[in-house]
Amino acid sequence: MSIKVGIVGYGTIGKRVADGVAASPGMEVAGVTGRRYACKMDIARQRGYPVYVAPDGASEFQDRGFEVGGTMEDLCEEADIIVDATPSKVPAQNMPLYEAKGVKAIVQGGEDHALTGFSFSSLANYEEALNREHARVVSCNTTGLSRLISTLDGAYGVENVFVTLIRRAADPKESKKGPINAVKPVMGVSHHGPDVMTVMPHINIYSMAVAVPHTLSHVHTLRVRLETPPTKRELVELFDSTPRIVLRKGKEGFSDTAQIAEYYRDFRPRYDMPELFIWDEPLDVVDNYAYIMANVHQESIVVPENIDCIKAMCGMETDKMKAIYETDKALGIAKDKRCYT
Ligand code: NAD
């Protein structure tokens, strides 16, 4: 029997998670919500996703030939689990409905950890999500950091981390956000380090961040102190054999964020890159420190984690690496099977 997944909020993350669910064996899209008609809902219809709308918006959809499945309340009855990908603070308003309907719910990184009391990142804590009622899939930046740091911690032991995040100002579709001609620092420690600790409380991490006029991706530069430092070659082998991490050379055509996006435009729909991209040339190990520079495609990196989180919460798969492998195959990002042991 297929797990029925309701998607509340059909925006940047919601539409990608819906496609990920549709591509995954053992689960199906029970429906997606739309408040008012917008052209993106035509795509949902084309893809066969039932549409659930607010009562006062139903006629607008019906006039355009949509078969409306019902309201968001109806979707909660239809679905086994909801992925809430509405803007920050809306999921907190929706949570009482999910609880009243007895439907499991996943919220996104824009919410506070306290809303669900559990923050998820597949490689770091898959097992802790098994059969839970509520979970928060951490943000794009925290997902990238958690993948990387949990991998290093498992292999060499992480003593501490310093990271600077160069953050995209807005997603490509957002025309009203800035800065457009400034580099805007966070005045003090950024929230990203503390957010990593919601997933891995034992990690000692300090983070600083600036926002820049750019929409394609975030860039992270890290200095990680390791208990038993590897050679650079061993680090390359570790990343090459880790799911959802791609290590490539700048000189092969990935010399900046625009070149990465250009490659993925040809390679994947929507130029999505759910993998964490690490540049080979800046990668270095000096004394006990690893120096790493990584690129995070903010719009897609959390999609595999949402699919894994559904699997864990619904008890579809108890084995972390089996779950990750099946998700990666469904999303077309799988590495060699040996990377999943
Ligand atoms: P978005 O604005 O692209 O999409 C949100 C969707 O929710 C829109 O379709 C909007 O119409 C709908 N919506 C708004 N208010 C609603 C309401 N009251 N009820 C139902 N639907 C409503 O937002 P997004 O970028 O997809 O972000 C969603 C969540 O994902 C946030 O927590 C965000 O922090 C997180 N996230 C975003 C990114 C990113 O780069 N965009 C990356 C990782 C995580």
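Residues numbered from 1 in each chain as written. Predicted model: local features only at pLDDT ≥ 70, side-chain atom pairs only at ≥ 80, totals over all residues. Heavy atoms only, no water.

Novice: Let's hear about the pattern of salt bridges: which residues, and what values?
Specialist: What the rule picks out here adds up to 26 salt bridges. Linking arginine 16 and glutamate 299 is a salt bridge whose minimum nitrogen-to-oxygen distance equals 3.7 Å. One end of the pair, arginine 16, is in helix H1 (residues 12-23); the other, glutamate 299, is in the loop between strand E16 (289-296) and helix H11 (303-313), and 283 residues separate them in sequence. Residues arginine 16 and glutamate 299 agree in their burial class; the two are buried. Salt bridges sharing partners connect three or more residues here, namely Arg147, Arg244, Glu305, Asp308 and Asp328. (Salt bridge = Lys/Arg side-chain N within 4 Å of Asp/Glu carboxyl O. Helix = DSSP H or I, 4+ residues; strand = E, 2+ residues; numbered from the N terminus. Buried < 20%, exposed > 50% of the residue type's maximum accessible area, 1.4 Å probe, protein only.)

Novice: Quick one: what's the story with the sheet that holds strand E1 (residues 3-8), residue by residue and with numbers?
Specialist: A sheet is described by the order of its strands in space; here eight strands give the open sequence E4-E3-E2-E1-E5-E6-E8-E7, paired in parallel fashion. Among the strands making up the open sheet, the edge pair consists of strand E4 (68-70) and strand E7 (119-120). (Pairing = 2+ DSSP bridges.)

Novice: Could you give an account of unusual backbone geometry, naming the residues involved and the relevant values?
Specialist: Backbone torsion omega between glycine 178 and proline 179 reads 5°, so that peptide bond is classified as cis. For proline 179, the location among the structural elements is in the loop between strand E9 (158-168) and strand E10 (184-185). Of note in this structure, arginine 244 is not a glycine but carries a positive phi near 65°. With respect to the helices and strands, the residue arginine 244 is situated in the loop between helix H9 (232-240) and strand E13 (245-248). Positive phi outside glycine occurs at arginine 270, with the angle close to 60°. Among the structural elements, arginine 270 can be located in the loop between helix H10 (257-267) and strand E14 (276-279). Arginine 270 gets classed as partly exposed once you look at its relative accessible area, which sits at 30%.

Novice: Can you break down the pairing of strand E6 (residues 104-107) residue by residue, with the values?
Specialist: The two faces of E6 match: Lys104 and Ile106 on one face and Ala105 and Val107 on the other face are all buried. Of the crossover connections in this fold, the one passing from strand E5 (residues 81-84) over helix H5 (residues 90-101) to the parallel E6 is right-handed. In the sheet, E6 pairs with strand E8 (residues 134-137) via three bridges, with the strands oriented parallel. Within E8, the position partnered with alanine 105 by the bridge is histidine 134. (Right-handed = clockwise from strand over helix to strand, strands pointing away.)

Novice: Before we move on, can you summarise H9 with the specific residues and values?
Specialist: Of the positions making up H9, those classed as buried are Leu235, Val236, Leu238 and Phe239. Each buried residue of H9 sits inside an arc of 160° when the element is viewed along its axis, so together they form one side. (Arc of directions from axis to C-beta.)

Novice: Which residues make up the site of the ligand, and what values go with them?
Specialist: Lining the immediate surroundings of the ligand are 19 residues, of which Thr12, Ile13, Lys40, Asp171 and Lys173 lie closest. The backbone of threonine 12 places a nitrogen or oxygen atom 3.0 Å from an oxygen atom of the ligand. Within the contact set of the ligand, an oxygen atom lies 2.5 Å away from a side-chain nitrogen or oxygen of lysine 40. When isolated, the ligand has an accessible area of 830 Å², and the protein chains bury 80% of it. (Near = heavy atom within 4 Å. Polar contact = N/O pair within 3.5 Å; in protein donor to acceptor, adjacent residues only side chain to side chain. Areas by Shrake-Rupley, 256 points an atom, 1.4 Å probe, with all protein chains shown as cover.)

Novice: Describe the packing of aromatic side chains, with residues and values.
Specialist: Counted according to the given criterion, the structure contains 14 aromatic pairs. Geometrically, the ring pair formed by tyrosine 264 and phenylalanine 267 is edge-to-face, given 5.7 Å between the ring centres and 70° between the ring planes. Taken together, the residues tyrosine 264 and phenylalanine 267, both in helix H10 and three residues apart, mark about one turn of the helix. The class of tyrosine 264 is buried, set by a relative accessible area of 4%. Classification of phenylalanine 267 as partly exposed rests on a relative accessible area of 46%. Counting every residue linked through ring pairs, the aromatic cluster contains Phe254, Tyr263, Tyr264, Phe267, Phe277 and Trp279. Directly above the ring of tyrosine 37 sits arginine 64, whose terminal nitrogen or CZ lies 3.8 Å from the centroid. Here arginine 225 stacks its cationic end above the ring of tyrosine 289, 5.4 Å away from the centre of that ring. (Phe/Tyr/Trp six-rings, centres within 6.5 Å; stacked < 30°, edge-to-face > 60°. Lys NZ or Arg CZ within 6 Å of the ring centre and 35° of its normal.)

Novice: Which residues make up the nonpolar core, and what values do they have?
Specialist: Core analysis: the biggest nonpolar cluster contains 74 residues, and Val32, Leu152, Phe239, Ile292 and Ile310 have the highest contact counts within it. When we break this core down by domain, the ones giving at least three residues each are domain 1 (3-138 + 302-340) and domain 2 (140-296). Excluding anything up to four places from it in sequence, phenylalanine 239 contacts Leu148, Leu152, Ile245, Leu247, Ile278, Leu283, Ile292 and Lys335. (Core = buried A, V, L, I, M, F, W, Y, C linked by side-chain atoms within 4.5 Å. Domains from an automatic or database assignment. Contact = heavy atoms within 4.5 Å.)

Novice: I'd like a rundown of H5, residues and numbers included.
Specialist: Taking 1.5 Å of rise per residue, the 12 residues of H5 would be expected to cover 16 Å, and the 17 Å separating its terminal C-alpha atoms lies within 8% of that figure. Listing the buried residues of H5 in full gives Pro91, Asn94, Met95, Leu97 and Tyr98. (Expected span 1.5 Å × (residues − 1).)

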